[in-house]
Amino acid sequence: KLEKYEELFVKASDQWSEMFPEEKEPPSVDYVSAEVYKSHNIFARCIPRYENIMTNHPKHPYASYSGMSLLEANYRLKRWGDVEKWARYLIKVKNFEGVSKNGLRNTVAYALNERAIELQNAKKFDEAADQLLKLADEFNDNKELAPCAIFNAAAIYENGEQIRKAGDTYEKMIKRYPTSDRAPE
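How each quantity is defined
Residues numbered from 1 in each chain as written. Predicted model: local features only at pLDDT ≥ 70, side-chain atom pairs only at ≥ 80, totals over all residues. Heavy atoms only, no water. Core = buried A, V, L, I, M, F, W, Y, C linked by side-chain atoms within 4.5 Å. Buried < 20%, exposed > 50% of the residue type's maximum accessible area, 1.4 Å probe, protein only. Helix = DSSP H or I, 4+ residues; strand = E, 2+ residues; numbered from the N terminus. Polar contact = N/O pair within 3.5 Å; in protein donor to acceptor, adjacent residues only side chain to side chain. Contact = heavy atoms within 4.5 Å. Phe/Tyr/Trp six-rings, centres within 6.5 Å; stacked < 30°, edge-to-face > 60°. Expected span 1.5 Å × (residues − 1). Salt bridge = Lys/Arg side-chain N within 4 Å of Asp/Glu carboxyl O.

Draft legend 1. Here's a closer look at the nonpolar core. Core analysis: the largest hydrophobic core is formed by 48 residues, its most contacted members being Cys 46, Met 54, Leu 71, Leu 132 and Leu 135. Elements with a contribution of two residues or more to this core: α2 (26-39), α3 (43-56), α4 (61-76), α5 (80-92), α6 (101-121), α7 (125-138), α8 (145-159) and α9 (163-176).

In structure tokens, the structure reads:
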């Protein structure tokens, strides 16, 4: 919960940003306001402010900080689709101040994998396997990650009693990555 003076500050900050959206100060004001919420672990309230900076002021000096904070807040809330979305956005706009392109790609991979785990736990086996196959396709040059993702997709099909899909997916992994440690399994 915010202190009274913080609530007043955030309210004034929001009004400022609404009144003067084209001015150069709103990203700074939004950033400080977002950080107030973040300092209290109120991530759902800081996210829109970081998103505003990222989408409306992507070249502002606070954009790189906002991007990293946006990833962190969505990570803390386990919003894997948003983690993926914003990591991809940072790659697209070439915002590598807080983390390298490779680090952002790893964040995308992590988010896809975590989303697959959530879907599997919810017994949404097709969707979970699809996430992992998407991961394998996108990171097909990674000879450790891609075969592991395909193997895990096959295992998910197997857990969902989709034996034909599981078998086809295991075969796909063996054909694509015959030298993988997973191939003999």
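Draft legend 2. Quick look at the side chain of Arg 49. Within the element layout of this structure, Arg 49 appears in helix α3. Polar side-chain contacts of Arg 49 include one of 3.0 Å to the side chain of Ser 33. Each residue touching Arg 49, except ones within four places of it in the same chain, is listed here: Val 10, Asp 14, Asp 30, Ser 33, Ala 34 and Tyr 37.

Draft legend 3. Focus on the packing of aromatic side chains. Counting across every chain of the model gives nine aromatic pairs. Aromatic side chains Tyr 75 and Tyr 110 sit 6.1 Å apart centroid to centroid with 35 degrees between the ring planes, which places their arrangement in the tilted category. Here the residue Tyr 75 occupies a position in helix α4, and Tyr 110 occupies one in helix α6, the gap between them amounting to 35 residues. Given the relative accessible area of 41%, Tyr 75 is considered partly exposed. Ring geometry for Trp 86 and Tyr 89: centres 5.2 Å apart, planes at 70 degrees, overall edge-to-face. A residue pair is termed a helical-turn pair when its members lie 3 or 4 positions apart in one helix, as Trp 86 and Tyr 89 do in helix α5 at three residues. Assigned by exposure class, Trp 86 and Tyr 89 land together as buried. Through a chain of ring-to-ring contacts, the aromatic side chains of Tyr 31, Tyr 50, Tyr 62 and Tyr 65 assemble into a single cluster.

Draft legend 4. View of the environment of Ala 183. Within the element layout of this structure, Ala 183 appears in the segment after α9. Once the C-alpha coordinates of Ala 183 and Leu 135 are considered, the two residues, 48 residues apart in sequence, prove to be 18 Å apart. Setting aside residues no more than four positions away along its own chain, Ala 183 makes contact with Met 173, Ile 174, Tyr 177 and Pro 178.

Draft legend 5. Examining α2 more closely. Between its first and last C-alpha atoms α2 spans 20 Å; for 14 residues at 1.5 Å apiece the expected length is 20 Å, and the two agree. With 10 of its 14 residues buried, α2 lies for the most part within the structure. Residues of α2 that are buried in the fold lie against α1 (4-19), α3 and α4.

Draft legend 6. Focus on the pattern of salt bridges. Under the defined criterion, the tally for this structure stands at nine salt bridges. Between Glu 72 and Lys 38 there is a salt bridge, and its shortest N-O distance comes to 3.0 Å. Of this pair, Glu 72 sits in helix α4 while Lys 38 sits in helix α2; the two residues are 34 residues apart in sequence, bridging distant segments of the chain. Lys 38 gets classed as buried once you look at its relative accessible area, which sits at 19%. A salt bridge links Glu 138 to Arg 88, with the nearest nitrogen and oxygen atoms 2.5 Å apart.

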